[in-house]
Amino acid sequence: MTQQFDVAVLGAGPAGAEAACVASEIGLSTVIIDEATAAGGQVYRAPAARSSRPDPHHAEGDALRRRLDASQATRRFGDRVWDIARTASGELAGYELSMIGANGLETVRTRSLIVATGATERFYPRPGWTLPGVVGLAAATILLKSSRVLPGSNVVVAGAGPLLSLVAHLIIEAGGRVAAIVDVSSLKEWTALVPRMAARPDLLFRGLAWQLEVARKKIPVYHGFDVTRVLGETGVEGVEIARTGSADETGSHGRTVISADAVCLGYGLTPATEVYRLLGASHVFDPARGGWIPELDTAQRTSVPNLYGAGDGAGLLGAAAAPMTGSLAALSAANDLGKLSASTYSSKATQLRAQLAKASRFGEAMAHVARPRPFLVKGIPDATIVCRCEDITAGEVRAAVEAGAKNINALKFATRCGMGPCGGRMCGEAAASLMECNGIERTCIGQFTARPPLRPISLGTVTGDFQYSDIPLPEPAPA
Amino acid sequence: MNQQYDCAVVGGGIMGAATAIRLAEGGMRVLLCEAQQLGMGASGVNAGTLSLQIKRVSLMPYALRGHAIWAQAGDEVGFKESGGITLAFTEHEAEILEERMTARINAGAPIEMITGERARELEPHLTDRIVSASYCHADGYANSSLTGAYYRRKLIAAGVEVLELTSVDEIEPTDGGITLRTGDRLHTARRALLATGAWTKEISARLGVPLPIRVRINTVSVTERMPKLAKKVIGHATGLLTLKQSTNGTVLIGGGWQGTGTPEAGRGQVAAETLTSNLRLAQYALPELVDARIVRCWTGFEANSPDFLPMAGRLPGWDNLFVLCCVRGGYTIGPYMGRLMGDYILGREPELPLFDPIRFLENHEQATSPSH
């Protein structure tokens with residue numbers, strides 16, 4: 001059965017949920033789809049099990065879920081969109097979403113599509129990073145927020161970006177032990193951001209409170225340091241760290257070893273651009289927004305008709321700005337469908353843009369500390385695995401670049417880097433950074449071509465129940 | 001006028017690269033321009049099947065020679081002579097299979113007809129609903145994604161000047177030669193070859209000689225790594241399935257099911273409906289695929305001519321501009337077609353006849369008469 005909507009929203013984080021609420025308030029028939037079983041995205045992820053006491057971490061998420069529940073939008077959670085195609089051009093332009101829901105395969109048609117698929121974690125590989133016990137920073141927040149599961153009994157929290165202090169705080173709060181915090185950003189870099197962070201005194205204050213907590217617990221904090229190696233044979237036994245910029249030095253000079261049985265490691269966030277790429281939208285490389293992002297106008301329109309971007313997936317601005325981009329995308333979709341008068345649109349959009357500018361200041365500061373830092377892979381040894389799906393090492397990537405691969409798809413063809421089940425989500429940034437360290441511009445390196453399925457899907461789900469005679473076999477070409 | 005090159009080749013797929021290498025080996029100064037990087041179009045995204053069972057009868061001599069070239073390339077392109085089985089699931093398909101394979105056997109392909117039972121002895125994971133089958137020990141596959149890296153090495157070794165990520169914006173006749181414009185650069189050559197695959201349709205039209213090319217948008221899918229399910233290339237009597245499990249365990253599924261899109265608009269799109277049929281046929285042949293996860297599905301553009309035979313010769317009306325495209329089964333045959341084309345441009349007698357595109361021009365008898 002095919003359902004038809006005016007607007008489909010992909011992703012039910014703060015941007016997508018707001019977009020769906022606004023679109024349905026305007027009177028557009030709206031569907032919101034998320035592969036998670038509840039709205040909230042990563043930032044407001046719903047707890048796996050409810051405890052009786054109110055949990056402050058879930059207050060904002062609960063409010064978002066209540067607002068979405070009260071809306072007229074059709075909610076499709078736990079469902080997976082695996083392919084999207086443009087159906088026609090001109091007046092009839094729209095999108096066909098191939099989905100796997102509770103009842104198997106189905107198709108949803110929509111005139112407009114708002115993409116709010118968030119961001120994925122950026123990894124820079126280090127020797128030992130594939131050992132059990134190494135957990136992404138964002139992944140650790142999921143473990144801790146939704147299930148209060150500790151990554152280990154003595155955890156190093158390392159990498160770059162605002163998730164470092166959040167993860168440390170969540171571990172302490174859950175009764176765990178933080179062995180050390182290793183932050184690529186220097187104290188000076190953080191201090192320089194305070195004026196922008198002051199746009200959200202509440203968040204700035206919260207961050208300072210977490211730092212006091214860390215100081216009270218006498219947790220060592222290494223600013224301007226990076227993990228150069230994860231130690232251990234069958235699991236994490238510790239990390240070796242060094243001052244950033246000295247990563248290409250050989251020998252153990254200036255290196256410190258910290259014992260731990262788990263490492264939460266991550267280097268910021270990368271906008272999840274698969275859907276935009278799949279639909280052929282233009283992209284720009286903007287390190288201040290997380291790297292490759294769809295090219296948007298001031299109304300959240302992409303270069304593809306009736307395709308809109310919102311939230312961190314369209315450029316990192318953080319959770320505070322996300323609802324405004326979602327709201328603006330919904331208003332623009334309504335306006336473009338002729339369902340909102342020009343004057344209403346323009347007054348609402350103007351108001352939103354002012355709010356967005358203010359809300360973005362804090363998010364911009366966070367995106368800055370979480371920016372791509374390609375030089376952090378410069379010194380990694382050749383034997384280090386870069387693509388863990390296909391076991392491709394840094395040496396193989398470097399050799400392919402040496403042999404003439406100038407963009408990331410040629411690298412993929414030559415080495416299989418990015419061909420595995422993760423679709424390049426884990427290795428793409430690392431591989432591109434290695435290419436960049438070899439003197440190729442990011443604009444030339446480009447992005448992996450996006451292909452369906454958007455996530456691996458079972459072949460049996462696509463084929464369903466069928467008879468041989470159901471397969472339409474056209475007459476063969478001449479022998 | 002002094003030309004920089006003896007020949008400029010437009011297009012860095014198998015045909016363009018193989019021709020360029022032949023020309024350079026024949027003593028010519030050769031330039032090759034490729035808009036992307038080498039081997040990233042149809043040459044690099046096809047399913048890599050090297051099957052004599054799905055080659056056109058009239059192209060069999062070419063296919064046998066192309067196959068031998070890939071065998072020589074060996075590990076560099078992931079060549080594997082695994083053998084191949086083609087399946088018929090109904091009486092009607094069995095008739096088609098018998099007829100098509102008999103013609104190929106007569107054309108020199110080492111194919112034998114076998115029973116369904118025998119097919120299952122060769123490949124125990126196949127369905128038990130096989131009515132009849134054919135087998136060819138010479139069939140196999142290579143890893144098409146290695147095409148670009150392989151030819152880059154060969155081109156450099158042959159001394160061809162290769163310009164990747166370089167679009168040819170204009171092709172113009174100049175006194176005694178051809179001028180190519182790439183951005184703000186001009187390259188002059190005594191002659192040029194269009195080895196531009198599905199893009200030849202639009203390019204030939206721009207040059208005033210619209211060739212009747214039909215573009216097909218073929219779909220290929222790959223699964224995650226699976227336990228060993230098949231050692232050989234599996235096909236279907238209609239040609240609508242190719243299936244093989246690579247040494248790394250992933251299963252590649254093709255068969256020419258159609259996606260959407262045009263070469264001019266960029267890459268094609270997979271169509272969920274035809275993909276479903278393609279995967280159903282694969283699962284019917286190899287039932288355990290039901291549990292495989294599909295990791296990626298993609299499309300590649302294939303150029304076809306109205307008679308399904310190649311276009312290989314002079315672009316009608318041009319003395320020094322050549323065209324090579326529309327080779328069905330081009331992955332297998334391409335390396336050999338490039339050699340033939342190279343020989344033709346070098347002024348040698350090709351070992352096997354080429355396929356003059358002039359046959360598609362209206363009243364071409366009259367058009368060719370002045371040259372007789």
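Small disclaimer: the values here were computed from a predicted structure and weren't measured. (Residues numbered from 1 in each chain as written. Chains lettered and ligands numbered in written order. Predicted model: local features only at pLDDT ≥ 70, side-chain atom pairs only at ≥ 80, totals over all residues.)

Draft legend 1. Representation of the overall build of chain B in the model. Per the secondary structure count, chain B includes 10 helices and 18 strands. In terms of overall size, chain B behaves like a compact globule, its C-alpha atoms giving a radius of gyration of 21 Å where 372 residues would be expected to give roughly 21 Å. Projected onto its principal axes, the C-alpha coordinates of chain B cover approximately 70 × 40 × 35 Å. (Helix = DSSP H or I, 4+ residues; strand = E, 2+ residues; numbered from the N terminus. Rg over C-alpha atoms; globule rule 2.2 N^0.38 Å.)

Draft legend 2. Expanded view of the packing of helix α8 (residues 322–336) of chain A against helix α9 (residues 342–369) of chain A. Residues and elements named next belong to chain A. Put simply, α8 and α9 touch, their axes get as near as 9 Å, and they point 160 degrees apart. Considered as vectors, α8 and α9 are oriented roughly antiparallel to each other. Two packed elements cross with a definite hand, and for α8 against α9 that hand is left-handed. Across the interface between the two elements, M324, T325, S327, L328, L331 and N335 from α8 touch Y345, K348, A349, L352, Q355, L356 and A359 from α9. A breakdown of the residues in the contact of α8 with α9 according to their chemical character gives eight nonpolar, four polar and one charged. (Axes fitted to C-alpha atoms, helices over the stretch in contact; angles between N-to-C directions. Parallel < 35°, antiparallel > 145°, perpendicular 65-115°, else oblique. Left-handed = near helix turned anticlockwise from the far one by under 90°. Contact = placed C-beta atoms within 7 Å. Nonpolar A, V, L, I, M, F, W, Y, C, P; charged D, E, K, R; others polar.)

Draft legend 3. The confidence of the model for chain A, seen in detail. Looking at chain A, the pLDDT average stands at 93 and 96% of residues meet or exceed 70. Overall, residues 247–251 of chain A carries pLDDT values under 50, and its contacts beyond four positions in sequence, including any with other chains, amount to seven contacts. (pLDDT = per-residue confidence, 0-100.)

Draft legend 4. Summary view of the interface of chain A and chain B. Opposite the 35 residues of chain A that make contact, chain B presents 43 residues. Elements that contribute at least two residues to the side of chain A that touches chain B include exactly β4 (80–86), α11 (408–415), β22 (457–458) and α14 (459–463) of chain A. Residue composition of the side of chain A that touches chain B, by class: 21 nonpolar, 11 polar and three charged. As paired elements, β22 of chain A and strand β16 (residues 293–304) of chain B share two bridges and run antiparallel to each other. Following the sheet pairing, I457 of chain A is matched in β16 of chain B by I294 of chain B. (Pairing = 2+ DSSP bridges.)

Draft legend 5. Fine view of the pairing of strand β12 (residues 225–231) of chain A. The buried count for β12 of chain A comes to five of seven residues, which makes it a mostly enclosed element. Taking the residues that link successive antiparallel strands as the turn, the β12 of chain A-strand β13 (residues 238–243) of chain A hairpin has six residues, and the phi of G232 of chain A there is positive, at about 135 degrees. (Buried ≥ 20, exposed ≤ 12 C-beta atoms within 10 Å, placed from the backbone.)

Draft legend 6. Molecular detail of the domain arrangement of chain B. Residue and element names in this part refer to chain B. One can read the domain layout of chain B as domain 1 (5–42 + 146–212 + 307–371) and domain 2 (82–139 + 214–304). Placing the centre of domain 1 and that of domain 2 at their C-alpha centroids yields a distance of 31 Å. Taken together, the contacts link 12 residues of domain 1 with eight residues of domain 2. Sort the elements by how many residues they give to the side of domain 1 that touches domain 2 and helix α7 (residues 200–206) lands first, with three residues. Grouping the constituent residues of the side of domain 1 that touches domain 2 by class yields six nonpolar, three polar and three charged. (Domains from an automatic or database assignment.)

Draft legend 7. Broad picture of the environment of A116 of chain A. Residues and elements named next belong to chain A. Locating A116 in the fold gives a position in the loop between β6 (104–115) and β7 (119–121). Assessed through the 32 C-beta atoms surrounding it within 10 Å, A116 is described here as buried. Put simply, A116 and A19 are 97 residues apart on the chain and 8.8 Å apart in space, counted from C-alpha to C-alpha. Dropping the residues within four chain positions of it, A116 is found in contact with V9, L10, G11, G13, A15, G16, A19, A310, G311, G313 and G326.

Draft legend 8. Representation of the nonpolar core within the structure. Residue and element names in this part refer to chain A. In this structure, I114 and A431 are the most contacted members of the largest nonpolar core, which totals 233 residues. Discounting residues that sit within four places of it in the chain, A431 has contacts with V386, C387, V397, I408, L411, C417 and G418. In this structure, V134, L170, I181 and V227 belong to the second largest nonpolar core, which totals 36 residues. (Core = buried A, V, L, I, M, F, W, Y, C linked by C-beta atoms within 7 Å.)

Draft legend 9. Main features of the domain arrangement of chain A. All names here are of chain A. Domain boundaries in chain A define domain 1 (2–120 + 270–367), domain 2 (123–267) and domain 3 (381–445). The distance between the C-alpha centroids of domain 1 and domain 2 comes to 31 Å. Contact residues are listed per partner, giving 12 residues for domain 1 and 13 residues for domain 2.

Draft legend 10. Quick peek at the confidence of the model for chain B. Taken over all residues, the pLDDT of chain B has a mean of 95, while the share at 70 or more is 97%. We note a pTM of 0.94 for the whole complex and an ipTM of 0.94 for its interfaces.

Draft legend 11. Highlighting the environment of Y468 of chain A. Relative to the helices and strands, Y468 of chain A resides in the segment after α14. The exposure class assigned to Y468 of chain A is partly exposed, which follows from the 13 C-beta atoms found within 10 Å. Excluding residues within four positions of it along the chain, Y468 of chain A makes contact with F89 and Y284 of chain B.

Draft legend 12. Quick peek at α9 of chain A. Residue and element names in this part refer to chain A. The first and last C-alpha atoms of α9 sit 39 Å apart over 28 residues, in line with the 40 Å expected at 1.5 Å per residue. The complete set of buried residues in α9 reads A349, L352, L356, A359, S360, F362, G363, A365, M366 and A367. If you follow the buried residues of α9, they end up packed against α5 (187–197), α6 (201–216) and α8. (Expected span 1.5 Å × (residues − 1).)

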